[in-house]
Amino acid sequence: MIFNRVAGLDLDLPANIRLADAPVRYPFLWDAARQDKTQWPGFAQNGLDVLAMGRNVGEVLGVFAWFHPTGGILPAPDGARHVEYLRGSSPDFVGLQKLETTIRTLGSPKWPEGWPVRRDLQASGQQIFNQRCAECHAERDAVIPGTWQTPVRNIGTDPKEWNNLQAMSASGVLTGSRQPPFIGDRLKDPDTTKNMLANAVVGTVLEDLWENALPSSKRKGGMACGRRSTPICTGSGREKSISNPPISSRLTPTRCSNNSMTG
Ligand code: HEC
């Protein structure tokens, strides 16, 4: 769904939309902040604030956030395509950071009081875990302090989501762009949906970091949709400011055209 939303609806390339046929299940949240890799296929790096922000931005771009990147007028200094990611986009960076901070405080659920626990089986259970599960599920320190190594391998469960990520999608307005500011390979057309999602996420996060480093008078106001009180799609003199749009309007893909918000 995330890939269809970003590569298909947001980039306005319906041919990128594919049958969402990978099995999904609501994931456990309590260890999300402690894994060195997240997302079902384990493709997202984790463990630093900026990486967690990438995961969370990817998630909101894939559901209800607006995301309408536009090609910049001038190419980047190295000739790569310059893309503006934030104008007309709506990730709420402050809110996402709050969610992430809250997730860190979660622990796994406690065995309910009063439920019988067979303490006599504890030692043999520990032994079975060590023999048959610890190889992959033990808490081993990863490179980033505070995170555990997550094995990412095909263990014979359903690899469909991983396979779907390798599918090629047309890159539209993102074609030829690097992750700003000028890191990573240029996005080809077509490229893997995985690279496109990474480009969208990294571009959005880095542009936000860059914008925040500027004095407020110089900011583009692109995060405006996220900061609900400021205008979106600035520049036409016809900007609308949105105040907490109803959830129904957020469920419908919206589009910035001619610098005004429609849909
Ligand atoms: C060779 C590595 C390996 C071993 C050994 C292993 N697992 Fe796993 N396990 C994985 C991987 C990789 C996943 C994630 C893939 C998936 O969910 O399909 C996983 C998923 C799981 C999940 C599901 C977690 C979720 O979020 O759905 C449970 C529960 C689990 N393992 C328990 C065990 C237990 C209990 C043992 C020992 C009896 C064990 N595993 C042995 C690699 C392993």
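Residues numbered from 1 in each chain as written. Predicted model: local features only at pLDDT ≥ 70, side-chain atom pairs only at ≥ 80, totals over all residues.

**Q** Please explain the overall build of the protein chain as it appears in this structure.
**A** In terms of regular secondary structure, the protein chain is built from 7 helices and 8 strands. In the protein chain, which comprises 263 residues, the share counted as buried stands at 27%. Nonlocal contacts in the protein chain, meaning residues at least 24 apart in sequence, comprise 60% of its contacts between residues at least 6 apart. (Helix = DSSP H or I, 4+ residues; strand = E, 2+ residues; numbered from the N terminus. Buried ≥ 20, exposed ≤ 12 C-beta atoms within 10 Å, placed from the backbone. Contact = placed C-beta atoms within 7 Å.)

**Q** It is not clear to me how the nonpolar core should be interpreted in this structure. Could you clarify?
**A** Ranked by size, the top nonpolar core spans 25 residues in total, and within it V6, L61, M196, A200 and V201 carry the most contacts. Sort the elements by how many residues they give to this core and helix α6 (residues 193-213) lands first, with 6 residues. In contact with L61, other than residues within four places in its own chain, are V6, D10, F67, P91, A200 and V201. (Core = buried A, V, L, I, M, F, W, Y, C linked by C-beta atoms within 7 Å.)

**Q** Which parts of the structure should I look at to understand the confidence of the model for the protein chain?
**A** Fine structural detail should not be taken from predicted coordinates in areas where pLDDT scores are low. The pLDDT averaged across the protein chain works out to 78; a share of 77% of its residues lies at or above 70. Low confidence marks residues 221-263, where pLDDT is under 50. Its contacts with residues over four positions away, or in another chain, come to 70 contacts. (pLDDT = per-residue confidence, 0-100.)

**Q** When you look at helix α1 (residues 2-10) in this model, what are you seeing that I'm missing?
**A** Because the α-helix completes a turn every 3.6 residues, residues three or four places apart line up on one side. Listing the buried residues of α1 in full gives F3, R5, V6, A7, G8 and D10. Where α1 is buried, its residues touch α2 (49-61), α5 (160-165), β5 (168-169) and α6. Once α1 finishes, D12 follows within two positions and takes phi at roughly 60°, a positive value.

**Q** Would you mind showing me how to read the packing of α2 against α6 here?
**A** When two helices pack together, their arrangement is given by the angle between the helix axes and by the axis-to-axis distance. Between α2 and α6, whose axes approach to 9 Å, the crossing angle comes to 120°. Here the hand of the crossing between α2 and α6 comes out right-handed. Contacts between α2 and α6 pair V50, M53, G54, V57, G58 and L61 from the former with L197, A200, V201, V202, T204 and V205 from the latter. For the contact of α2 with α6, a count of residues per class yields 9 nonpolar, 3 polar and no charged. (Axes fitted to C-alpha atoms, helices over the stretch in contact; angles between N-to-C directions. Left-handed = near helix turned anticlockwise from the far one by under 90°. Nonpolar A, V, L, I, M, F, W, Y, C, P; charged D, E, K, R; others polar.)

**Q** Help me out: how do you make sense of unusual backbone geometry in this one?
**A** Most peptide bonds adopt trans geometry, and most residues besides glycine take a negative phi value. Following D189, the chain continues to P190 via a peptide bond in cis, the omega torsion being 0°. Relative to the assigned elements, P190 resides in the loop between β5 and β6 (191-192). Notably, D12 is not glycine yet its phi reads approximately 60°, a positive angle. Relative to the assigned elements, D12 resides in the loop between α1 and β1 (37-38). Residue classification places D12 among the partly exposed positions, given that 13 C-beta atoms sit within 10 Å.

**Q** Would you explain the environment of T192 in this entry?
**A** Assignment of secondary structure puts T192 in strand β6. Each C-alpha atom of the pair T192 and S171 lies 8.9 Å from the other, and the pair is 21 residues apart in sequence. For T192, the residues in contact, after removing those within four places along its chain, are L165, Q166, A167 and M168.

**Q** Quick question: what am I supposed to make of the packing of α2 against helix α3 (residues 93-104) here?
**A** Remark: α2 packs on α3, axes separated minimally by 10 Å, with the N-to-C direction vectors making an angle of 115°. Read as a crossing pair, α2 and α3 show a hand that is right-handed. Residues A52, M53, N56, V57 and V60 of α2 pack against F93, L96, Q97, L99 and E100 of α3. Per-class residue counts for the contact of α2 with α3 are 7 nonpolar, 2 polar and 1 charged.

**Q** Sorry if this is basic, but what is going on with helix α4 (residues 122-137) here?
**A** An ideal rise of 1.5 Å per residue puts 22 Å on 16 residues; α4 reaches only 18 Å between its terminal C-alpha atoms. Along α4, the sharpest kink reaches roughly 55°, centred on Q131. With 0 of 16 residues buried, α4 lies mostly on the surface of the structure. (Expected span 1.5 Å × (residues − 1). Bend = angle between axes of the 7 residues up to and from the residue.)

**Q** Where do I start with the environment of T147 in this structure?
**A** Residue position: T147 is located in the loop between α4 and α5. Ignoring sequence-local partners within four residues, the contact set of T147 consists of R34, Q35, D36, N46, G47 and A142.

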